[in-house]
Amino acid sequence: MENSKQVLQEKLSPENLEKLMAIASPLMHDFVADAIELCNPDSVFVCTDAEEDIQKIREMALDGGGENKLAIEGHTYHFDGYHDQARDPARTKYLVTPEMQLGASLSQMDKAEGVAEVRGILKDSMVGKEMLVAFFCLGPVDSEFSISCVQVTDSPYVVHSESILYRPGYEQFKRIGNDGGFFKFLHTQGETENQVSINVDKRRIYMDLEDNQVYSTNTQYAGNTVGLKKLALRLAIQKAAKEGWLAEHMFIMGAHGPNGRVSYFTGAFPSACGKTSTSMISGQTIVGDDIAYLRKNGGEIRCANVEKGIFGIIRDVCPKDDPEIYKSLTTPGEVIFGNVLITDELRPMWLGMGEEIKEGTNHSGKWAPGKKDADGNEITGSHKNARYTISISSLDNADPMADAKEGVPLSGIFYGGRDSDTCVPVEEAFDWTEGIISRGASIESETTAATLGQEGVRKFDIMSNMAFVSIPLGKYIQNNLDFADGLDKAPSIFSVNYFLKNDEGKYLNTPLDKKVWILWAELRVNGDVDAIKTPTGYIPLYEDLAKLFKENLDYDYTQAEYVEQFTIRIPKLLAKIDRVEAIYKEKVADAPAVLYEVFDAQRKRLKEAADKHGDYISPYDL
Ligand code: SPV
Ligand code: MN
């Protein structure tokens, strides 16, 4: 931009100008100057990594900037608008040039048209407001994983959240100078009433994949506004595809085996399928709960948590199931609660916390049991998607390697989903290719009462990354397949299913059982246990599970339970292959040929097994 410097000089105080100019990046200056010209704020605050700047943001957040104090020191709460409680897929689009081909299943629009539309909405949207310019880093700072990001917003809550969730990026920006490979996020809340965005119809989340720039407006929910979270994931997937690494919607955890051994796993699960709770299993350690970058290094895969905090679903967090999180949410320290209920004593309450929610105030205003909205729908005391924001370092179970620049070595990957009747609780795929295709690229998850629409409908969700993939799906699968090339040993790939039910609709496992499946996988990747070969992979031996149940849960796991849980359900497995294959045939023109080969080979093995042993096969008959 020609007159960048002039725009900045006019709008920024000498102190803020100095902070911005200390980063020798005309490209970044252009971005900020353009945002100023477009949004027309009254003033601009440049937030560096300095504690005093972050403290100023915290104070701004409490001074009409989207947060209020709670009774416990350091705890605040934030409300999003009644119709702004989750990501908004319908108004979230990729802006693509005529040369870009993303395929039919991705939501996209012409870049020129989209830029014009969203800039029209953003015009003068910060009049009377202060613009915040903040710098953060995706991945550990100064590492091969690092991606520098600049966030422009008029929401102190957004910057405050980012300061908890991401590593500081100002000093790193100073070091990289005018390297243009950074991500840019421009967010404005739009018109607000009682600190809440009100123009839902003008909500837009548009991602310019060519310029690595995201526009977000008329929304406050963090999944739509915190640039470094799901907006950056979409940009990172495209960057990773160009550069030969992977950006995934995955947790990273350390599973603790015998004699102090720690093996690191990533896991991809659709929302509300136990992703955060798997990364937090008791006795294990967490690196990250939501987004991972995977890179090859010297014959192995290293993975790093993109974040340093957790923006977690608070529903059902209770002392029994989540002792570490519960402790962090009830002791002094930095916590932002989102869309929970606040009592008159300034205490947060949420669904499933183990106490009945009394009256108070929530995202709908004053609340008492039985309250209904304008459409006659019951309003729950705390929203089902209510959240907490904390730093991982505040947790007792943080992994010591959580911030390691070199990441952690990857031993295995879990793919999960909500599946009442098809897959066994845990199974190892035969190899990387089968794992990527028959597990990751075949994830389906049943809808629950918590989501709109019919219950129990299976939704396809490739690698649980469907909402964020920004390249053609076939290419995305191919990149995952190719990623194992040149490795000394490819990580093992496991499917897990925590939601298996019997014919009466009763769950066959408790939420605690996931610990056993994860620790079995830990033994397996280290060659400590044998397995039984099924038509689709390897399942545990009863004796190994019985030992793990006894040692870890003090539970006498019976052979009858084992047989019921690990029966191979041939008709169900065949039906799953048919369903998933149909989606690829219909919607993914560039699906790699090997995908169909794997499906065919699995079908053949399943049919042969059925011919020999019948439709439902006990592990003892294999
Ligand atoms: C998810 O829904 O997968 C989340 C929360 O992690 S959001 O920030 O909304 O994406
Ligand atoms: Mn997520």
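Above this text sits the structure in question.
Per chain, residue numbering runs from 1 following the sequence as it is written. Lettering for chains starts from A, numbering for ligands starts from 1, and both go in the order in which the items are written. Predicted model: local features are reported for residues with pLDDT of at least 70 only, side-chain atom pairs are reported and counted for 80 or more only, and whole-chain, interface and lining totals are derived from all residues. Each side-chain value is worked out from all heavy atoms of the structure, with water and hydrogens disregarded.

A. View of the coordination of the manganese ion (ligand 2). We call an atom a donor if it is N, O or S and sits within 2.8 Å of the metal, or 3.2 Å for Na, K and Ca. Water is not counted, so some sites may look partial. Here the manganese ion (ligand 2) is held by the protein donor atoms Lys230 (NZ), His249 (NE2) and Asp290 (OD), which lie 2.1 to 2.3 Å from it. The sequence pattern formed by the donor residues of the manganese ion (ligand 2) is K-x18-H-x40-D. Remark: His249 occurs in the loop between strand S14 (246-248) and strand S15 (251-256) and Lys230 occurs in helix H9 (residues 227-243); sequence separation between them is 19 residues. For the pair shown, Lys230 and His249 are each scored as buried. Runs of H or I in DSSP of at least four residues are treated as helices and runs of E of at least two as strands, each being numbered from the N terminus. Note on exposure labels: buried denotes an accessible area under 20% of the residue type's maximum, exposed denotes more than 50%, and partly exposed covers the range between, all computed with a 1.4 Å probe on protein chains only.

B. Here's a closer look at the site of ligand 1. Nearness is defined per residue: one heavy atom within 4 Å of the molecule or strand is enough. In the region of ligand 1, the neighbouring residues are Arg87, Tyr221, Gly223, Lys229, Lys230, His249, Ser271, Asp290, Phe311 and Arg387. Residues adjacent in sequence count toward polar contacts only when both atoms are side-chain atoms; beyond that, a polar contact is any pair of N or O atoms within 3.5 Å, and within protein one must be able to donate a hydrogen and the other to accept it. Within the side chain of Arg87, an N or O atom sits 2.7 Å from an oxygen atom of ligand 1. Take His249: an N or O atom from its side chain is 3.2 Å from an oxygen atom of ligand 1. Computed with the Shrake-Rupley method and a 1.4 Å probe, the accessible areas treat only the protein chains shown as cover for residues. Relative to its free-state accessible area of 290 Å², ligand 1 is covered by the protein chains to the extent of 93%. Its residues assigned to classes, the shell around ligand 1 comprises two nonpolar, three polar and five charged. Throughout, the ten residues Ala, Val, Leu, Ile, Met, Phe, Trp, Tyr, Cys and Pro are labelled nonpolar, Asp, Glu, Lys and Arg are labelled charged, and all others, Gly among them, are labelled polar.

C. Representation of the pattern of salt bridges in the model. Definition used for salt bridges: Asp or Glu carboxyl oxygen within 4 Å of a side-chain nitrogen of Lys or Arg. This model, assessed by the stated rule, comprises 45 salt bridges. Between Glu307 and Lys229 there is a salt bridge whose closest N-O contact spans 2.9 Å. Linking Glu307 in the loop between strand S19 (300-305) and strand S20 (309-313) with Lys229 in helix H9, this pair joins segments that are 78 residues apart in sequence. Classification of Glu307 as buried rests on a relative accessible area of 1%. A salt bridge links Arg261 to Asp528; the nearest nitrogen and oxygen atoms lie 2.9 Å apart. Remark: Asp528 occurs in the loop between helix H14 (514-525) and strand S32 (531-533) and Arg261 occurs in the loop between S15 and strand S16 (262-268); sequence separation between them is 267 residues. Accessibility expressed as a relative area gives 23% for Arg261, which makes it partly exposed. For Asp528, a relative accessible area of 41% translates into the label partly exposed.

Everything listed is a geometric property; what it means functionally is a separate question.
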